[in-house]
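# Examining the three-dimensional arrangement
Residue-level listing of the chains:
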Amino acid sequence: MNSGEELMSEISRNGVAGGGQPGRIGIGLELDEIHMKILEVLRENGRISVSALAERVGISRANAYTRFEALRADGAIKRFTAEIDHVRAGLGITALIFVTVRQQMWKQFRAELARMPEVEYCAITTGQHDAMIQVRVADVAAVHSMVTDRLANIPAVKATETVFILDEVLKRPYVLPSDRDHAARAQRRPALEAQGDVPLGKMRFVGAAEGRAALRKDT
């Protein structure tokens, strides 16, 4: 998500709608359809103004203020940040390193990993390996050096397997439960627009008027 500077500065100037206390109004928040629409809009443009956000979602400015602040206070929105082009930033190589960790040494593994600035993401996984590390570096030699000179020398690391990413085909800032509903509606739309004879197995659906006309002919 891009920086929410414009949205946040407008909220700071106007305060929380309704006189609520920042950091408290979102406690126990249950996300409804409007909250989801706000998150969808912010995914497209994190710098949108509150006025534009309200217009896109179809709610008042006051409602947009309150709901945004509730999402932020509740932790549904954790932070706003910039998304960069890693290639232009000089980090054109991305690799996944799968690590098998000695089970009694997880604390050491976490501590050593935190000292590696190349690591963009790490997750504990199920399956053959115990953890997956994603790194972004300048060249292949940097990945080789990290695996052989640094990871291999950590006592907590038992084994590694490295996979280079050739192309990042799809990358979303985040996904929402409502995305599946939108996709399902989009898939149904062409079928509804086609109308006419719609085969379903061996069945054939006809309009009511067409059916009555055929019935009169038979009689």
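The coordinates are above.
Now for a description of the structure that goes with this document. Only a predicted model underlies this, so the values are computations on that prediction, with no experimental measurement involved.

Taking 1.5 Å of rise per residue, the 14 residues of helix α4 (residues 61–74) would be expected to cover 20 Å, and the 20 Å separating its terminal C-alpha atoms lies within 8% of that figure. Listing the buried residues of α4 in full gives Ala64, Tyr65, Arg67, Phe68, Glu69, Ala70 and Leu71. Following α4 by one or two positions, Gly75 has its phi on the positive side, about 95°.

With that settled, the discussion passes to the side chain of Thr100. Mapped onto the fold, Thr100 is located in strand β1 (residues 93–101). Judged by its relative accessible area of 17%, Thr100 falls in the buried class. Not counting residues within four places of it along the chain, the set of residues in contact with Thr100 comprises Gln128, His129, Asp130, Ala156, Val157, Lys158 and Ala159.

All right, on to the sheet that holds strand β3 (residues 131–137) then. Picture the strands of a sheet paired through backbone hydrogen bonds; they go either parallel or antiparallel. Pairing is antiparallel in the open sheet, where four strands are placed in the order β2-β3-β1-β4. Strands with a single pairing partner mark the edges of an open sheet, and in this sheet they are β2 (119–124) and β4 (157–164). Pairs of neighbouring strands in the sheet enclose a mean axial angle of 20°, with direction left out of account. Alignment of β1 against β4, held across seven bridges, turns out to be antiparallel. Bridging from a neighbouring strand, Leu96 pairs with Val163 of β4. On top of the sheet, helix α5 (residues 106–114) reaches β1, β2, β3 and β4; it is set at about 165° to β2, its chief contact.

In total, this model carries nine salt bridges according to the counting rule given. Residue Glu120 pairs with Arg136 through a salt bridge whose shortest N-O separation is 2.9 Å. Taken together, the residues span a long stretch of sequence, with Glu120 in strand β2 and Arg136 in strand β3 at a distance of 16 residues. Notably, a salt bridge pairs Arg136 with Glu168, separated by 2.8 Å at the nearest N-O pair. Here Arg136, found in strand β3, pairs with Glu168, found in the loop between β4 and α7 (178–194); they are 32 residues apart in sequence, far enough to count as distant.

Once that is clear, we can look at the packing of helix α2 (residues 33–44) against α4. Two numbers describe how α2 lies on α4: the axes approach to 11 Å, and their chain directions differ by 80°. Taken together, α2 and α4 sit at an angle that is classed as roughly perpendicular. Taking contact as the criterion, the partners of Ile34, His35, Ile38, Leu39 and Leu42 in α2 are, on α4, Arg67, Phe68 and Leu71. Taken together, the residues of the contact of α2 with α4 break down into six nonpolar, one polar and one charged.

Moving on, we come to helix α3 (residues 50–57). Listed in full, the buried residues belonging to α3 are Val50, Leu53, Ala54 and Val57. Considered in projection along α3, the buried side chains sweep an arc of 100° and stay on one side of the axis. One or two steps after α3, the chain reaches Gly58, where phi turns positive at roughly 90°.

The subject of this paragraph is the side chain of Arg136. Assessed through its relative accessible area of 6%, Arg136 is described here as buried. Side-chain polar atoms of Arg136 contact the side chain of Thr94, separated by 2.9 Å. A distance of 2.8 Å separates polar atoms of two side chains, one belonging to Arg136 and the other to Glu168. With residues near it in sequence (within four places) discarded, Arg136 still touches His86, Leu91, Ile93, Thr94, Glu118, Glu120, Glu168 and Lys171.

Take the environment of Asp130 next. Looking at the element boundaries, Asp130 is found in the loop between β2 and β3. Residues Asp130 and Thr100, 30 residues apart in the sequence, show an inter-C-alpha distance of 5.0 Å. Setting aside residues up to four positions removed in sequence, Asp130 forms contacts with Val99, Thr100, Val101, Gln103, Trp106, Ala123, Ile124 and Thr125.

Ranked by size, the top nonpolar core spans 20 residues in total, and within it Ile97, Phe109 and Ile133 carry the most contacts. Among the secondary structure elements, those contributing two or more residues to this core are β1, α5, β3 and α6 (140–150). Other than its neighbours up to four places away in sequence, Ile97 contacts Ala131, Met132, Ile133, Val135, Met146, Val147, Leu151, Thr160, Glu161 and Thr162. One finds Met36, Ile38, Ala54 and Ala64 within the second-largest nonpolar core, a separate group that totals 17 residues.

Calculation notes
Residues numbered from 1 in each chain as written. Predicted model: local features only at pLDDT ≥ 70, side-chain atom pairs only at ≥ 80, totals over all residues. Heavy atoms only, no water. Helix = DSSP H or I, 4+ residues; strand = E, 2+ residues; numbered from the N terminus. Expected span 1.5 Å × (residues − 1). Buried < 20%, exposed > 50% of the residue type's maximum accessible area, 1.4 Å probe, protein only. Contact = heavy atoms within 4.5 Å. Pairing = 2+ DSSP bridges. Axes fitted to C-alpha atoms, helices over the stretch in contact; angles between N-to-C directions. Salt bridge = Lys/Arg side-chain N within 4 Å of Asp/Glu carboxyl O. Parallel < 35°, antiparallel > 145°, perpendicular 65-115°, else oblique. Nonpolar A, V, L, I, M, F, W, Y, C, P; charged D, E, K, R; others polar. Arc of directions from axis to C-beta. Polar contact = N/O pair within 3.5 Å; in protein donor to acceptor, adjacent residues only side chain to side chain. Core = buried A, V, L, I, M, F, W, Y, C linked by side-chain atoms within 4.5 Å.

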